[in-house]
Protein chains: 2
Amino acid sequence: MQELNQQLDFIIELDRLKGVYRQALVKSDKNRFENSAEHSWHITLTAHILHEYAAEKVNISRVMCMLLIHDIVEIDAGDMFAFSDQKALAYQQDKEIVAAERLFGLLPEKQFQTFNQLWLEFEEAQTVDARFAKAIDSILPLLQNMRNEGGSWVRHKVNKSQVMKRNRFLEGLAPDLWLYVCQQIDYAVEQGWLVDA
Amino acid sequence: MQELNQQLDFIIELDRLKGVYRQALVKSDKNRFENSAEHSWHITLTAHILHEYAAEKVNISRVMCMLLIHDIVEIDAGDMFAFSDQKALAYQQDKEIVAAERLFGLLPEKQFQTFNQLWLEFEEAQTVDARFAKAIDSILPLLQNMRNEGGSWVRHKVNKSQVMKRNRFLEGLAPDLWLYVCQQIDYAVEQGWLVDA
Ligand SMILES: [Ca+2]
């Protein structure tokens, strides 16, 4: 039962991701902040629904696993706003590597290796699966901000070029989605939700 | 772009599951109630971590899909406490069937069929995949209640026999997990968290 106990400890520890809050607002729940656990559910399902737009075939069950686990490190490292400055982002990355070791390290060795490698693959964004997962992770906040009169973009005075850059993965990966994103960004600039720079 | 627009409407509609609250408490976030979106994330990952305990091989990516979508009907139908009376549960079932038609119906026809069938398969609990998914959906509340001095069991004066019945799927499906659950239930009775009946 030792392995099972390790696994159950990890599963219980996951509960803490429900207390890590992000910059996005949940419009349908009184505009409270969104937490990283419900966000992870939302993007995993989004990836499943949109995976046929990928120009190159993705392994959707690997992508789903990546997205289910991609934010777990925030239990220790906290969430960092995607448009923070470079120094803050680099420091965050160091914290997340330590967090991954501790958190996935609660699991039996074999599962630790699987999850840690899958998480690193996501972070490095070199494989098609990881790049598609990253692309989905950026498109959802865009959809949310578009339904929230600009949402976190307005609060943090984000530029059009920052959002373009963050979503650029889509260009080669899923051209139809990229086209959609460009149209939305133009509309957001017109509305004054994004700074035209 | 018509299909994409249908898919994005569905994805945005999913946001509402973050505002559907369950009986479980999130201990690590000031004991607030848990919502069905973060719950769906938690059990999907739990299924992945524990699927090697299944006595018969399950198709884990189907199980994960089932668990990601199993509570979406609650957007229209609301959550019902697992130990409500039979009449309330039957009425809930009718509401959920209508909800599934409307919600999955936002998607293009092919995805509507896939998701609606997968959800029905989960509800009917006849296949190995569905039964394993159901078993995981019952074991997680047990783990949560054990870490919360009985949690929702205490508030609703739940009997040992009700919890045994709800988890009985595990007996044949995953004997090691069933053994663990039995031990936990005995401990809960000793502590007075479950009524010994
Ligand atoms: Ca449920």
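Basis of the calculations
Residues numbered from 1 in each chain as written. Chains lettered and ligands numbered in written order. Predicted model: local features only at pLDDT ≥ 70, side-chain atom pairs only at ≥ 80, totals over all residues. Heavy atoms only, no water. Least-squares fit on C-alpha atoms with pLDDT ≥ 70 in both. Contact = heavy atoms within 4.5 Å. Phe/Tyr/Trp six-rings, centres within 6.5 Å; stacked < 30°, edge-to-face > 60°. Helix = DSSP H or I, 4+ residues; strand = E, 2+ residues; numbered from the N terminus. Buried < 20%, exposed > 50% of the residue type's maximum accessible area, 1.4 Å probe, protein only. Lys NZ or Arg CZ within 6 Å of the ring centre and 35° of its normal. Salt bridge = Lys/Arg side-chain N within 4 Å of Asp/Glu carboxyl O. Pairing = 2+ DSSP bridges. Polar contact = N/O pair within 3.5 Å; in protein donor to acceptor, adjacent residues only side chain to side chain. Arc of directions from axis to C-beta. Buried area = accessible area lost by both parts, 1.4 Å probe.

Looking up chain A in an unreviewed UniProt entry gives the name Hydrolase, with the organism given as Psychrosphaera saromensis.

Its rotation angle being 180°, the transformation that places chain B on chain A also includes 0.0 Å of axial translation and leaves an RMSD of 0.0 Å. One copy is carried onto the other by what is essentially a two-fold rotation axis. Distance from the rotation axis, computed per C-alpha, reaches its smallest value in chain B at Glu38(B): 2.0 Å. Looking at chain B, 100% of its interface residues are interface residues in chain A too, so the copies touch through the same face.

Let's shift gears to the packing of aromatic side chains. Residue and element names in this part refer to chain A. Enumeration over the complete set of coordinates arrives at eight aromatic pairs over all chains. Look at Phe-10 and Phe-115: their rings are 6.3 Å apart centre to centre, the planes differ by 65°, and that puts the pair in the edge-to-face class. Linking Phe-10 in helix α1 (residues 2–14) with Phe-115 in helix α6 (residues 109–124), this pair joins segments that are 105 residues apart in sequence. Side by side, Phe-10 and Phe-115 carry an identical accessibility label, which is buried. Taken together through their ring pairs, the aromatic side chains of Phe-10, Phe-104 and Phe-115 make up a single cluster. Lys-134 extends its terminal NZ or CZ atom over the ring of Phe-122, reaching a point 4.5 Å from the ring centre.

What follows deals with the pattern of salt bridges. The full count for this structure, using the stated rule, is 29 salt bridges over all chains. Glu149(A) is the partner of Lys27(A) in a salt bridge, and the nearest nitrogen-oxygen pair spans 4.0 Å. Taken as a pair, Lys27(A) in the loop between β1 (21–26) and β2 (32–35) and Glu149(A) in the loop between α7 (128–147) and α8 (151–155) lie far apart in primary sequence, 122 residues in all. Lys27(A) sits in the partly exposed class, given a relative accessible area of 44%. Note that Arg102(B) and Glu13(B) form a salt bridge whose closest N and O atoms lie 2.7 Å from each other.

At Glu149(A), a residue that is not glycine, the phi angle is positive and equals roughly 45°. Non-glycine residue Lys157(B) carries a positive phi angle of around 45°. Secondary-structure assignment places Lys157(B) in the loop between α8 (151–155) and α9 (160–167).

What follows is about the side chain of Asn116(B). Mapped onto the secondary structure, Asn116(B) falls in helix α6 (residues 109–124). Residue Asn116(B) is classed as buried on the basis of its relative accessible area of 11%.

Here the focus is the pairing of strand β1 (residues 21–26) of chain B. All names here are of chain B. Bridge count between β1 and strand β2 (residues 32–35): three bridges; the pairing is antiparallel. Across the sheet, Val-26 pairs through a bridge with Arg-32, a residue of β2. Hairpin connection from β1 to β2: five residues lie between these consecutive antiparallel strands, with Lys-30 at a positive phi of about 60°.

Before going further, it helps to spend a moment on the environment of Glu13(B). Residue and element names in this part refer to chain B. Mapped onto the elements of the fold, Glu-13 is located in helix α1 (residues 2–13). According to the relative accessible area criterion, Glu-13 is buried, its value standing at 17%. In this structure, the C-alpha to C-alpha distance between Glu-13 and Leu-106, residues 93 residues apart in sequence, is 9.0 Å. Setting aside anything within four residues of it in sequence, one finds Glu-13 in contact with Ile-75, Arg-102, Leu-103 and Leu-106. For Glu-13, the side chain forms a polar contact with the side chain of Arg-16, separated by 2.5 Å.

This part takes up α9(B). Residues and elements named next belong to chain B. Along α9, the residues that are buried comprise Val-163, Met-164 and Asn-167. The arc that holds the buried residues of α9, viewed along the axis, is 100°, so those residues lie on one side. Residues of α9 that are buried make contact with α7 (128–147), α8, α10 (170–173) and α11 (175–190).

Frequently, the measure chosen for interface size is the accessible area that the parts lose on association. The interface of chain B with chain A comprises 56 residues on the first partner and 56 residues on the second. The junction of chain B with chain A conceals about 4,700 Å² of combined surface from both sides, 70% of it contributed by carbon and sulfur atoms. It is Lys18(B), Trp41(B) and Ile49(B) in chain B that bury the most area against chain A; as a group they hold 16% of the surface buried on that side. In this structure, the connection of chain B to chain A is made through six salt bridges. The salt bridge partner of Arg147(B) is Asp9(A), with a shortest N-O separation of 3.6 Å.

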